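Examining the three-dimensional arrangement
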Protein chains: 4
Amino acid sequence: MGIRVAVAGASGYAGGELLRLLAGHPEFELIAATAHSQAGQPVTAAHPHLAGLDLVFAATEPATLADADLVFLALPHGQSAALAAALPDPVKVVDLGADHRLRDAGAWSRYYGGEHAGAWTYGLPELPGQRAEIAAATRVASTGCYAVATTLALAPLIAAGAVRPDDVVVVAASGTSGAGRAAKAHLLGSEVMGDLTPYKVGAHQHVPEIKQATGATGLSFTPVLAPMPRGILATVTAVPTGDADPRAVLAAAYADAPFVHVLPEGSWPHTAATAGSNSCHLQATVDADSGRVIVVSAIDNLGKGAAGQAVQNANLMVGLPETTGLSVFGVAP
Amino acid sequence: MGIRVAVAGASGYAGGELLRLLAGHPEFELIAATAHSQAGQPVTAAHPHLAGLDLVFAATEPATLADADLVFLALPHGQSAALAAALPDPVKVVDLGADHRLRDAGAWSRYYGGEHAGAWTYGLPELPGQRAEIAAATRVASTGCYAVATTLALAPLIAAGAVRPDDVVVVAASGTSGAGRAAKAHLLGSEVMGDLTPYKVGAHQHVPEIKQATGATGLSFTPVLAPMPRGILATVTAVPTGDADPRAVLAAAYADAPFVHVLPEGSWPHTAATAGSNSCHLQATVDADSGRVIVVSAIDNLGKGAAGQAVQNANLMVGLPETTGLSVFGVAP
Amino acid sequence: MGIRVAVAGASGYAGGELLRLLAGHPEFELIAATAHSQAGQPVTAAHPHLAGLDLVFAATEPATLADADLVFLALPHGQSAALAAALPDPVKVVDLGADHRLRDAGAWSRYYGGEHAGAWTYGLPELPGQRAEIAAATRVASTGCYAVATTLALAPLIAAGAVRPDDVVVVAASGTSGAGRAAKAHLLGSEVMGDLTPYKVGAHQHVPEIKQATGATGLSFTPVLAPMPRGILATVTAVPTGDADPRAVLAAAYADAPFVHVLPEGSWPHTAATAGSNSCHLQATVDADSGRVIVVSAIDNLGKGAAGQAVQNANLMVGLPETTGLSVFGVAP
Amino acid sequence: MGIRVAVAGASGYAGGELLRLLAGHPEFELIAATAHSQAGQPVTAAHPHLAGLDLVFAATEPATLADADLVFLALPHGQSAALAAALPDPVKVVDLGADHRLRDAGAWSRYYGGEHAGAWTYGLPELPGQRAEIAAATRVASTGCYAVATTLALAPLIAAGAVRPDDVVVVAASGTSGAGRAAKAHLLGSEVMGDLTPYKVGAHQHVPEIKQATGATGLSFTPVLAPMPRGILATVTAVPTGDADPRAVLAAAYADAPFVHVLPEGSWPHTAATAGSNSCHLQATVDADSGRVIVVSAIDNLGKGAAGQAVQNANLMVGLPETTGLSVFGVAP
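Computed from a prediction, not measured in an experiment: that's the story for all the values here.

**A few points about the overall build of chain A**
Assigned secondary structure in chain A consists of 11 helices and 14 strands. Taking 20 Å as the expected radius of gyration for a compact globule of 333 residues, we find that chain A reaches 19 Å, a close match to that expectation. In terms of overall dimensions, chain A has a C-alpha envelope of 60 × 45 × 40 Å along the principal axes. Buried positions account for 64% of the 333 residues belonging to chain A. In the structure as shown, chain A presents an accessible area of about 10,300 Å², 52% of it carried by carbon and sulfur atoms.

**A closer look at the relation of the copies chain B and chain C**
Note on the copies: chain B fits chain C at an RMSD of 0.0 Å, the axial shift is 0.0 Å, and the rotation between them is 180°. Overall, the copies show the geometry of a two-fold rotation axis. Of the residues that chain B buries at the interface, 100% are likewise interface residues in chain C, meaning the two copies contact each other through the same surface.

**Here we look at the interface of chain B and chain D**
Contacts between chain B and chain D engage 19 residues on the former and 19 residues on the latter. Taken over both partners, the interface formed by chain B and chain D buries close to 1,400 Å², and the fraction arising from carbon and sulfur atoms is 61%. Here chain B and chain D share 2 salt bridges between them. Linking Glu191(B) and Arg181(D) is a salt bridge whose minimum nitrogen-to-oxygen distance equals 3.5 Å. Where chain B meets chain D, there are 9 residue pairs in polar contact (both at pLDDT 80 or more). Ranked by residues supplied to the side of chain B that touches chain D, first place goes to helix 8 (residues 189-192) of chain B with 4 residues. For the side of chain B that touches chain D, a count of residues per class yields 11 nonpolar, 5 polar and 3 charged.

**Quick notes on the environment of Ala155(A)**
Residues and elements named next belong to chain A. In this structure, Ala155 sits in helix 7 (residues 145-159). By relative accessible area, Ala155 is classed as buried at 9%. Note: C-alpha distance between Ala155 and Thr222 (67 residues apart in sequence) is 18 Å. Beyond its immediate stretch of four places on either side in the chain, Ala155 contacts Leu127, Ala213 and Thr214.

**Some remarks on the side chain of His47(D)**
Residues and elements named next belong to chain D. By secondary structure assignment, the location of His47 is in the loop between helix 2 (43-46) and strand 3 (58-59). Within the structure, the side chain of His47 is placed 2.7 Å from the backbone oxygen of Ala10, a separation counted as a polar contact. The contacts of His47, once residues within four sequence positions are left out, are Ala10, Ser11, Gly12, Gly16, Leu19, Phe57 and Arg181.

**Considerations on the sheet that holds strand 13 (residues 280-286) of chain A**
Residues and elements named next belong to chain A. Strand order in the open sheet made by the 7 strands is 9-10-8-11-14-13-12, with mixed pairing throughout. Of all the strands in the sheet, just strand 9 (197-198) and strand 12 (260-262) have a single pairing partner and so form its edges. Pairing analysis gives 2 bridges linking strand 9 to strand 10 (residues 219-225), with the strands arranged antiparallel. Of the residues in strand 10, the one forming a bridge with Pro198 is Val224.

**Observations regarding the sheet that holds strand 14 (residues 293-299) of chain C**
Residue and element names in this part refer to chain C. If you walk across this open sheet you meet the 7 strands as 9-10-8-11-14-13-12, and the pairing is mixed. Looking at strand neighbours, the two that pair on one side only are strand 9 (197-198) and strand 12 (260-262), the edges of this open sheet. Two elements, strand 8 (residues 168-174) and strand 11 (residues 232-238), share 6 bridges in a ladder whose sense is antiparallel. Counterpart to Val171 in the pairing with strand 11 is Thr235. Relative to strand 13 (residues 280-286), helix 10 (residues 246-253) is tilted by about 150°, and along the sheet it contacts strand 12, strand 13 and strand 14.

**Digging into the interface of chain B and chain C**
The interface is formed by 43 residues belonging to chain B together with 43 residues belonging to chain C. The contact between chain B and chain C buries some 3,300 Å² in all, and 63% of this surface belongs to carbon and sulfur atoms. The three residues of chain B that bury the most area against chain C are Leu196(B), Val201(B) and Asp289(B), which together make up 17% of that side's buried surface. Here chain B is connected to chain C by 4 salt bridges. Counting only elements with at least two residues in the side of chain B that touches chain C, the list comes to strand 8 (168-174), strand 9 (197-198), helix 9 (207-214), strand 10 (219-225), strand 11 (232-238) and strand 14 (293-299) of chain B.

**Points about the packing of helix 1 (residues 13-23) of chain B against helix 11 (residues 303-317) of chain B**
Residues and elements named next belong to chain B. Axis separation between helix 1 and helix 11 bottoms out at 8 Å; the angle between their running directions is 45°. As judged from the angle between their axes, helix 1 and helix 11 are oblique. Crossing geometry of helix 1 relative to helix 11 is assigned as right-handed. Contacts between helix 1 and helix 11 involve Ala14, Glu17, Leu18, Leu21 and Leu22 on the former and, on the latter, Ala306, Ala307, Gly308, Ala310 and Val311. A per-class count over the contact of helix 1 with helix 11 returns 8 nonpolar, 1 polar and 1 charged.

**Observations regarding the UniProt feature "active site" (unreviewed entry) in chain A**
Residues and elements named next belong to chain A. Feature annotation in UniProt assigns "active site" (unreviewed entry) to the following positions: Cys145. Turning to its location among the elements, Cys145 is positioned in helix 7. The buried category is assigned to Cys145, whose relative accessible area is 16%. Leave out the neighbours within four places in its chain, and Cys145 touches His206, Ile232, Ile299, Asn301 and Gly305.

**Brief notes about the packing of helix 7 of chain A against helix 9 (residues 207-214) of chain A**
Residues and elements named next belong to chain A. At a minimum axis distance of 8 Å, the contact between helix 7 and helix 9 shows a crossing angle of 30°. Note on packing geometry: the crossing formed by helix 7 with helix 9 is right-handed. Here Tyr146, Ala147, Thr150, Thr151, Leu154, Ala155 and Ile158 of helix 7 lie close against helix 9, whose contacting residues are Glu209, Ile210, Ala213 and Thr214. Looking at the contact of helix 7 with helix 9 residue by residue, the class counts come to 7 nonpolar, 3 polar and 1 charged.

About the thresholds
Residues numbered from 1 in each chain as written. Chains lettered and ligands numbered in written order. Predicted model: local features only at pLDDT ≥ 70, side-chain atom pairs only at ≥ 80, totals over all residues. Heavy atoms only, no water. Helix = DSSP H or I, 4+ residues; strand = E, 2+ residues; numbered from the N terminus. Rg over C-alpha atoms; globule rule 2.2 N^0.38 Å. Buried < 20%, exposed > 50% of the residue type's maximum accessible area, 1.4 Å probe, protein only. Areas by Shrake-Rupley, 256 points an atom, 1.4 Å probe, with all protein chains shown as cover. Least-squares fit on C-alpha atoms with pLDDT ≥ 70 in both. Contact = heavy atoms within 4.5 Å. Buried area = accessible area lost by both parts, 1.4 Å probe. Salt bridge = Lys/Arg side-chain N within 4 Å of Asp/Glu carboxyl O. Polar contact = N/O pair within 3.5 Å; in protein donor to acceptor, adjacent residues only side chain to side chain. Nonpolar A, V, L, I, M, F, W, Y, C, P; charged D, E, K, R; others polar. Pairing = 2+ DSSP bridges. Axes fitted to C-alpha atoms, helices over the stretch in contact; angles between N-to-C directions. Parallel < 35°, antiparallel > 145°, perpendicular 65-115°, else oblique. Left-handed = near helix turned anticlockwise from the far one by under 90°. UniProt positions renumbered as here; feature names shortened; annotations may be inferred.

In structure tokens, the structure reads:
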């Protein structure tokens, strides 16, 4: 008999991707999926791509979830803390929201407002030592999508002293599913197709998480909305401290990471190659003119950037191989 | 130890999708992937989404393939026959090309030119009796993409006598991967994005296959190229013979078909819900004004329309459950 | 001094396209643009592509519009009649909505609900005799987008007796701007990119308008939403009555129509070629298998399908050449 | 009678956009369009969106062009110099290629290979003093697409001493038409839709042009291919020297530039708003965390980035208002 899992907030895009992964997971048994306004409706009304999954959304209540061995929270930022607090201690929890990611309560209040609910174990297994911490934890705050893409590109270089932490410039473009499923006029297909648009320029809420996870001390982060449903491409530049080959530093850091692929020299990551997978593709070089290190990172924002990452964490938490039920291969073209 | 399989013509889109499915298949062991101009190169040079698959393209030669228990042929139309003839009889073969689909040699010559190589068992398991025939066959001609979408929508209605076979009108739109991977100016992203364009109007080579598979005797088929990488949406209309509910006819026909989903009343298929899956979504109604039956069918042209269909046939041919290694769930959004 | 024009309902997509065309029109002087919830805001807040147009939305009130020589109504269906009735008789009016298109009050009630406000002169100048009627009218009901695409393809064939009117099958795909600008979850970019989806299958409100305009007596019309912002591709099939060459019939019908291009033989219309223009591209053939006539029509749903058509009508109503301020050339790629 | 103009290399995307603009230009008379392999074919075979333009491609020979008052060269890089040298001196020439942009012969050889043909007047009228130089010139090298977007964002800030010139980081994403019309497999619609991919990372040929035009001395420039036909979004960051408001610096610099719009505070440029226009949209801020200045710039790569820019230069060269025949308004959605 499988490990019993449940998903709270399963009607959104990250929730839908969780359901897809869990329905195909060989060890997890999906016992409940909850939603807010869609409670009582079939899961397939919200997610027609899951035709064949015979499940009805329950209301998002602790009693529904307490019966699971492990609960995924895919709720809007700010709603995880109260629900998690209402779950019994033995129930393991993976939070896909931001509530428990930051150690700095001030940064939380500045970007999200309200009171900080406290930090949980940070759910990015590829950081040094983190795999073991996640395996030992009962509550894990899974990484944000932009933070995954940027941290995997940058953290090893700062940790190795190969680049300066105080002058990092990131421009990262995301597919529209990263902006959520709420009906907003600026996210209509008519608006986003054929269009690139920056947003929250100069003050993005992911900055403190990225700084915490990478060790960067000065970070310019500009997000851009791109005309595609999925994918993040992060272009990360920093000032080298010496002659270290940035690609070699990354390759060494991820030698044992099954989901991080430092591509062959000359090949650059592109987002479509990661769609539907839990993989991160990386490449690095030194810019001929400026001398800055340039690292480019590609992920699926709903995969390694959200639901896939959460399942990877859950696998570790229950003692399974981290790759169980996840694909390293993208669905392309 | 697994069943040893090989793919000939693995550098194209259908070939890449086959590799993705086979790499994740629990019973098949992928022993070789061949290509023409890319022989000797890593598979990931052609398919960056398969990063992590450590395989090099071999040249497309019978000796390379003869060692397999089952060979998939994903070659351009007209190239399968000679290669298949050079493989030992015990090697099972699934052909994704058109060479062996038609029973009518004249129709073959008219649309494809050259000499007809003879018909194999037709690889659409959802047709009545076909599942058993495929299971008993060593050579199977897997269905064409437009033919899958149209046949699943239409064949049960003609078989049940619910619609007339002599006045069928189909308009079917396909994603661009259906047009292949050869570099052609009219398939450039700049041309296809934001564009719908019909092609081969009035004389499409899939017409004889669709007529053979459905029993239609008069068929107007208009294909349209749509601005998306994957997916086929077929709108099939025909004249009813009586008062039969077309949705009920379809639901009965596919009650035991794991990959065909007749959607709940009021829900209409859309292609994105089938992307990456081996599913076909169907819905039907009777038009209020004309009285014609309208059936809409959605598939992933590379999934149920090509590679997924081929794996489903292969599963049957080697005695596995037909769903092994395939997903009923799409990757959406 | 120019002819003074105003636009009611200028914050939507058709309204925005009207403003773009009117701002570049050499004879029309745009004196007012009205909106509902956005009244008081700069036009560029709703339409950033009009940066440089220094205009603020007024509220949609008769007094604001009565000062114009000609008023365009780009309001939701059902809202034009009351506003038009409140405008003085000498003010010419072009309605982009459906309120005054149908001569059959019963058909109006069946598809739109509510009381029918009466038919105005039908604003499709390419219909026989219609150019003169429009020039003489003070109130014109501009054609609906699907009706333009279908009628231009079909009306001359029925009028010439070249096809039977009682068995017409139309499948027409539209870009998302045709679905309007209201924030709806199923129109999010994440949903529509990579997707084709049919809607209102079997009972579309454009059927009575198309029948009235074309003379069709039996019409199956299936609309499909396509992943592009603009464009309609209509595939129209009908049963020929004899051996007339359908392309020749169309070419003769539109010999003097500046915006209708019957393409050279072998070239088929595609939507991107008409984007931003007021042109309709047509091609026709006889299907080799079924013998049905197939006509394909492409327009920009916001151009010839809405705002461009409305300006063409307005030009005629005030005695200008119908091409004034309109482009026959699309913006491609 | 109009000014007689001709286009060499009119079968590509920039050439097609030139034809579209010239066909609608009130003062220019298009007397010839030349092409290489398509000579002898109708222009509409290459550019179906120009249906209604009755013109046949001539071969690209000096004699065909020498009859014009002004010639546009839209040829591949490296092919303009020889053709221009063969044209009589009184024929004015606007080159859309790179051959005559750089003053530094070494930089030319390094990035393009071959011998440098010498610099012409640089065709970016919005640079200080440049409008007069262009008006006086007979040979003008029109700006490259990435250089337009970056230079308009950056040059005034460096000129004003508001940012340091030695640490500029640019990430710029372009629509696929910027990659040209040659049939290449990686530019197929199947590859680019749903995908973001960086290219020429660390060594792009536009770097010397951007440095020359902006005064930057250290420049990291990373280009990205985006899934849309048109548009460039450039994110430019630099280190401020003091407290100058970057938006105010830009607004002052472009107070009299009809095509450059510094958007209202809080509004950020997006590419779709500039499609089909000759406009550049700009916005700037100071990053809260890093303190870097961030400027975002949006253009249509075929408009202000190529054909529109060329027409603007041509207008100045023949004494017309620079806006003649060009639109400040984009075609959206």
